[in-house]
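# An overview of the molecular structure
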Amino acid sequence: MSKKPIIAVTRVLPDAGMSMLAEAADIELRVWPGDLPPNPDELAALVAGVDGVIALVTDPIGGDLLDRNPSIRVLSNFAVGYDNIDVVAATERGVLVCNTPGVLTETTADLTFALLVSAARRVVEGVEYVRAGKWQTWSPTLLLGQDLHDATIAIVGFGRIGREVAKRAAGFSMRILAVTSDPTPRTDSETGAMYTDLDTALKEADFVCLNVALNDDTRGMIGARELGLMKRSAILVNAARGPVVDTRALVEALRNGVIAGAALDVTDPEPLPADHPLIAMENCIVVPHIASGSVATRSKMARMAATNAIEAVRGNRPPHIVNGDVWQNRRQ
Ligand code: DGY
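Residues numbered from 1 in each chain as written. Predicted model: local features only at pLDDT ≥ 70, side-chain atom pairs only at ≥ 80, totals over all residues. Heavy atoms only, no water.

Secondary structure summary: the chain contains 13 helices and 12 strands in total. Here the chain has a C-alpha radius of gyration of 22 Å; the compact-globule value for 332 residues is 20 Å, and the two agree. If you line up the chain on its principal axes, its C-alpha atoms span 75 × 50 × 30 Å. Within the span of the chain, comprising 332 residues, buried residues form 50% of the whole. Expressed as a percentage of contacts within the chain between residues at least 6 apart in sequence, the contacts between residues at least 24 apart total 60%. Seen as two clouds, the 32 positive and the 40 negative side-chain charges of the chain have centres 3 Å apart. (Helix = DSSP H or I, 4+ residues; strand = E, 2+ residues; numbered from the N terminus. Rg over C-alpha atoms; globule rule 2.2 N^0.38 Å. Buried < 20%, exposed > 50% of the residue type's maximum accessible area, 1.4 Å probe, protein only. Contact = heavy atoms within 4.5 Å. Lys, Arg positive; Asp, Glu negative; His and termini not counted. Charge placed at Lys NZ, Arg CZ, Asp CG, Glu CD.)

Rendered as structure tokens:
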């Protein structure tokens, strides 16, 4: 009898995905039981001899790990982003990389917009004020924030998620600037966004939302120079990846009033240590990388990640491949 293929899962996923994996009678499952990610040694032990890995954004996977485990045929990321995986190394070794695109687009845009509204209207400060027992009367000048309607939003990264952020911004009657690799001035027919270059967008926007993937072009894209171009009243929202922003430069900009505020779903490092200056700053909101975190969306992501892994170890084409060349060039 031939051995069943093994799938390692680096954290317990929502039931929708775990039950699919458990019910796949032709597959053996190996699940990391911890609430925290496996450390590199633990990850190496977990994936030893497996055929597929369902990984999280917290699991760095590079060529070394794949060289030590040539049995791995698929890395199925429980995320749309896959910057935790060295895709070039995986491709060179004929390992499929899969992700969960599409299902989290709206949910991530919702949270991006929630951060924007919260920062603009000082919602978190308001909650803290009430919790601290400071609310004594209605006041004409208490916690005054910024209007969203008629303000200008710059959306840096106009892919699936950026476009959904734009639709929400249109609903708030905002002027929308879109930044992509092609700055040719033109208007997006679906959202009314006007394409422009990054510097112009930074100078003109009241709110700057980052929705780019992390790669060599976007790492450190927002540093001291870029923050310096922004209006002093502007708010930066990052729901992309922490390293898109230079953290030190952001701390200085918030401290010195170079910009008015920031709202971050993602940080660099991640998690931020509890004593990190960004956490104590009143003009900065930090939430723990929860943009895709709705019950429905995480269940869809779990099903998708499970399907990608199961199909790949069965020798079938998984639905969401990042490095299609590996599938094209596979040995039959
Ligand atoms: C992603 O999917 O890339 C998110 O950051 C994690 O859900």
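Turning our attention to the pattern of salt bridges. Under the criterion given, the structure shown has 19 salt bridges. Arg 168 is paired through a salt bridge with Asp 110; the nearest N and O atoms lie 2.8 Å apart. One end of the pair, Arg 168, is in helix α7 (residues 160-171); the other, Asp 110, is in helix α5 (residues 105-120), and 58 residues separate them in sequence. Overall, Arg 168 belongs to the buried group, its relative accessible area being 19%. Measuring nitrogen to oxygen at the nearest pair gives 3.3 Å for the salt bridge that ties Arg 225 to Glu 226. (Salt bridge = Lys/Arg side-chain N within 4 Å of Asp/Glu carboxyl O.)

Right, let's talk about a nonpolar patch on the surface for a bit. Taken together, the side chains of Val 123, Val 124 and Val 127 present a nonpolar region at the surface, about 190 Å² in accessible area. Residue placement: Val 123 occurs in helix α6 (residues 123-131). (Patch = residues over 30% accessible without salt bridge, like charges linked within 9 Å, V, L, I, M, F, W, Y side chains within 5 Å. Areas by Shrake-Rupley, 256 points an atom, 1.4 Å probe, with all protein chains shown as cover.)

If you check the shell around the ligand, you find Ala 79, Val 80, Gly 81, Leu 104, Arg 241, His 289, Ser 292 and Met 301 and nothing else. One of the side-chain N or O atoms of His 289 is found 2.7 Å from an oxygen atom in the ligand. Between the ligand and the protein, one listed contact pairs an oxygen atom with a side-chain N or O atom of Ser 292 at 2.7 Å. For the ligand, the protein covers 87% of the area, taking 230 Å² as the surface of the free molecule. Of the residues that constitute the shell around the ligand, the class distribution is four nonpolar, three polar and one charged. (Near = heavy atom within 4 Å. Polar contact = N/O pair within 3.5 Å; in protein donor to acceptor, adjacent residues only side chain to side chain. Nonpolar A, V, L, I, M, F, W, Y, C, P; charged D, E, K, R; others polar.)

Turning next to the side chain of Thr 297. On the secondary structure map, Thr 297 appears in helix α12 (residues 295-313). Classification of Thr 297 by relative accessible area gives buried; the value is 3%.

The subject of this paragraph is the packing of aromatic side chains. Here the structure, examined in full by the defined rule, presents two aromatic pairs. Ring centres of Phe 113 and Phe 172 lie 5.0 Å apart, and the angle between their planes is 50°; this geometry places the pair in the tilted category. Here Phe 113, found in helix α5, pairs with Phe 172, found in the loop between α7 and β7 (175-179); they are 59 residues apart in sequence, far enough to count as distant. Judged by relative accessible area, which is 6%, Phe 113 ranks as buried. Judged by centre distance (5.6 Å) and plane angle (80°), the ring pair of Phe 158 and Tyr 195 falls under edge-to-face. (Phe/Tyr/Trp six-rings, centres within 6.5 Å; stacked < 30°, edge-to-face > 60°.)

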